[in-house]
Amino acid sequence: MGYDCNVKKLKKNNFRQSKVRGEVASRVRVPGGRIDAASLAKVVEIAVKYGTGEVNLTNRQGFEIPGIPIEDVEEVNKALQSIIDASGVTQAPNKPGEGYPSSGTRNVVACPGKSLCPFGCYDTKELAAKIDKLIYPNDHHVKIACTGCSNDCAHVRLNDFGIIGQTEPQYNPDRCIGCEQCVKYCSRRSVGALSVVNGKIVRDTDKCIGCGVCVIYCPTRAWTRSKEHYFRVSLLGRTGKKNPRLGVDFLKWADEESILKIIKNTYDYLDAYQDRGAVENKEHIGYIVDRTGFEEFLKYIMRDVHFGPKTEMNGRPYWGGKRYDQTNELRSSMYRFSDRPYDGYSGIPREDQPQKKR
Ligand code: SF4
Ligand code: SF4
Ligand code: SF4
């Protein structure tokens, strides 16, 4: 067998262990979910030549090529090189042909964003590629996702950093014909931040989430997007067995440069506090912050960060989430079917249902 069959090494090289003995799956990173057609064809070629001919799409916008015999790993790594080059993924220096250099920091996910979607407040793919270059390769377990607007099609609140595009809508009263479409759509499709005062439209700046819906539905372009791109950042969302939780709003109206610094600084914090005993550096940031306290995390991530005047920061975020490690849900609001029989699919135990009058 030509390849060193070391599971730890294989995982780090971005291969997934398989249930089938002697086989692995090659994982292909696709930063921001954008891949060129030639690379896509290469994925297919590898799957046909070395795998089962199938390709799995991963939740983090990558590919998984199953059924690769371990002895073919070196060959597959060589074949992956053109995909790695085209995707702009940073490789360890002088290691072409050796595949992906690490797997801890996960693929940066992005919704279609401004390049495709009319609601996109920024180029999500471009930012995802920029972040990938900044943080990869790295063994720390970090998840980052970019979404173009408050619709959050990329489900960024399940990530350590969720970057949500914002625009600050600009109103030109001279172009306004008073049709109130913007008021209607802001109310129906967003948060209801617009009202009519003396025939003009007024925006409640505290309430406005910068979604840009008013810009899309104004027929005369009286509302336009701000030249500057702004971002809402949600922090430390996670899935998992112990304490899954949604990310909490940390920043509003932040700028790109500050966000990139914060992400980079997070790796210094992880270098300082990662529990070396944790399996393969897989301790999740959220659990580390639980250990050190948020203040310590903040001290690291805010180094050399200088926000603009519009940025708002939540200095005392609180995460709750599900505590599977602490509570027994069956004893609170859930019932065992065997204990309390249900009537059909009503969801209400029979004894709690209102009684019919006789
Ligand atoms: S999050 Fe916004 S920009 Fe991204 S795909 Fe959804 S609607 Fe479009
Ligand atoms: S950006 Fe969104 S929330 Fe703000 S005023 Fe326009 S529609 Fe309403
Ligand atoms: S949709 Fe445009 S034109 Fe109509 S009221 Fe709003 S700003 Fe004025």
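Above this text you will find the structure in question.
Residues numbered from 1 in each chain as written. Chains lettered and ligands numbered in written order. Predicted model: local features only at pLDDT ≥ 70, side-chain atom pairs only at ≥ 80, totals over all residues. Heavy atoms only, no water.

**Q** Help me out: how do you make sense of the sheet that holds strand 14 (residues 312-313) in this one?
**A** Whether parallel or antiparallel, the strands of a sheet pair through hydrogen bonds between backbone atoms. With mixed pairing, six strands are arranged side by side in an open sheet as 5-6-7-12-13-14. Unpaired on one side and paired on the other, strand 5 (109-110) and strand 14 mark the two borders of the sheet. Pairing between strand 12 (residues 230-235) and strand 13 (residues 248-254): four bridges, direction antiparallel. Within strand 13, the position partnered with S234 by the bridge is D249. The strands touched by helix 4 (residues 124-135) within the sheet are strand 5, strand 6 (144-147), strand 7 (161-166) and strand 12, with strand 6 carrying the most contacts at an inclination of about 160°. Helix-sheet contacts for helix 7 (residues 256-273) involve strand 6, strand 7, strand 12 and strand 13, and the interaxial angle to strand 7 is about 180°. (Pairing = 2+ DSSP bridges. Helix = DSSP H or I, 4+ residues; strand = E, 2+ residues; numbered from the N terminus. Contact = heavy atoms within 4.5 Å. Axes fitted to C-alpha atoms, helices over the stretch in contact; angles between N-to-C directions.)

**Q** Explain the site of ligand 3 here, please?
**A** The environment of ligand 3 is formed by 14 residues, the closest being C176, C179, E180, C182 and C218. Of the residues in the shell around ligand 3, the class split is ten nonpolar, three polar and one charged. (Near = heavy atom within 4 Å. Nonpolar A, V, L, I, M, F, W, Y, C, P; charged D, E, K, R; others polar.)

**Q** Please clarify how the side chain of N243 should be interpreted in this entry.
**A** By secondary structure assignment, the location of N243 is in the loop between strand 12 and strand 13. One polar contact links the side chain of N243 to the main-chain carbonyl oxygen of G320, over a distance of 3.2 Å. Here the side chain of N243 touches K322 through a polar contact of 2.7 Å, landing on its backbone oxygen. The contacts of N243, once residues within four sequence positions are left out, are R238, Y287, G320, G321, K322 and R323. (Polar contact = N/O pair within 3.5 Å; in protein donor to acceptor, adjacent residues only side chain to side chain.)

**Q** I would appreciate a short explanation of the pairing of strand 7 in the present structure.
**A** Looking along a regular strand, one sees the side chains alternate between the two faces of the sheet. Burial analysis of strand 7 places six of its six residues in the buried class, the great majority of the element. Burial of the side chains of strand 7 extends over both faces: F161, I163 and G165 are buried on one face and G162, I164 and Q166 on the other. The pairing of strand 6 with strand 7 spans four bridges and is classified as parallel. For A145, the partnering residue across the bridge sits in strand 7 and is G162. Where strand 7 lies against strand 12, six bridges are found, and the strand directions are antiparallel. Residue pairing in the sheet places G162 in a bridge with S234 of strand 12. (Buried < 20%, exposed > 50% of the residue type's maximum accessible area, 1.4 Å probe, protein only.)

**Q** I would appreciate a short explanation of helix 8 (residues 285-292) in the present structure.
**A** For an α-helix, 3.6 residues make a turn, and residues three or four places apart therefore share a direction. Of the positions making up helix 8, those classed as buried are I285, G286, I288 and V289. Down the axis of helix 8, the sector holding all buried residues measures 160°, keeping them to one side. Looking at the buried side of helix 8, the elements it contacts are helix 7 and helix 9 (294-301). Two residues or fewer after helix 8 comes G293, characterised by a positive phi angle close to 95°. (Arc of directions from axis to C-beta.)

**Q** What's the story with the packing of aromatic side chains in this structure? I'm lost.
**A** The relative placement of two aromatic rings is captured by the distance of their centres and the angle of their planes. Under the counting rule described, the total for this entry stands at eleven aromatic pairs. Ring geometry for Y185 and Y217: centres 3.8 Å apart, planes at 0°, overall stacked. Separated by 32 residues along the polypeptide, Y185 in helix 5 (residues 181-189) and Y217 in helix 6 (residues 213-217) bring together distant segments of the chain. Overall, Y185 belongs to the buried group, its relative accessible area being 16%. Plain terms: the ring middles of Y269 and F297 are 4.9 Å apart, the flat faces sit at 70° to each other, and that makes the pair edge-to-face. Of this pair, Y269 sits in helix 7 while F297 sits in helix 9; the two residues are 28 residues apart in sequence, bridging distant segments of the chain. The lysine or arginine in question, K242, covers the ring of Y287, its NZ or CZ lying 4.9 Å from the ring centre. Here the basic side chain of R303 rests over the ring of Y300, its NZ or CZ set 4.5 Å away from the ring centre. (Phe/Tyr/Trp six-rings, centres within 6.5 Å; stacked < 30°, edge-to-face > 60°. Lys NZ or Arg CZ within 6 Å of the ring centre and 35° of its normal.)

**Q** What is the right way to read the site of ligand 2 from this model?
**A** Around ligand 2 sit 13 residues in total, of which C186, C208, C211, G212 and C214 are the nearest. When grouped by side-chain class, the residues that make up the shell around ligand 2 number nine nonpolar, three polar and one charged.

**Q** How do you make sense of the nonpolar core when you look at a structure like this?
**A** Nonpolar side chains in soluble globular proteins tend to end up buried together. Ranked by size, the top nonpolar core spans 37 residues in total, and within it I131, I144, C146, I163, I263 and F297 carry the most contacts. Looking at this core, the elements with two or more residues in it are helix 4, strand 6, strand 7, strand 12, strand 13, helix 7, helix 8 and helix 9. Per-element tally for this core: the top contributor is helix 7, with seven residues. Here C146 is in contact with V108, V109, A110, C111, Y122, T124, L127, A128, I131, A154, V156 and I163, once residues within four sequence places are set aside. V28, I65, V89 and Y100 belong to the second-largest nonpolar core, a separate cluster that totals 22 residues. (Core = buried A, V, L, I, M, F, W, Y, C linked by side-chain atoms within 4.5 Å.)

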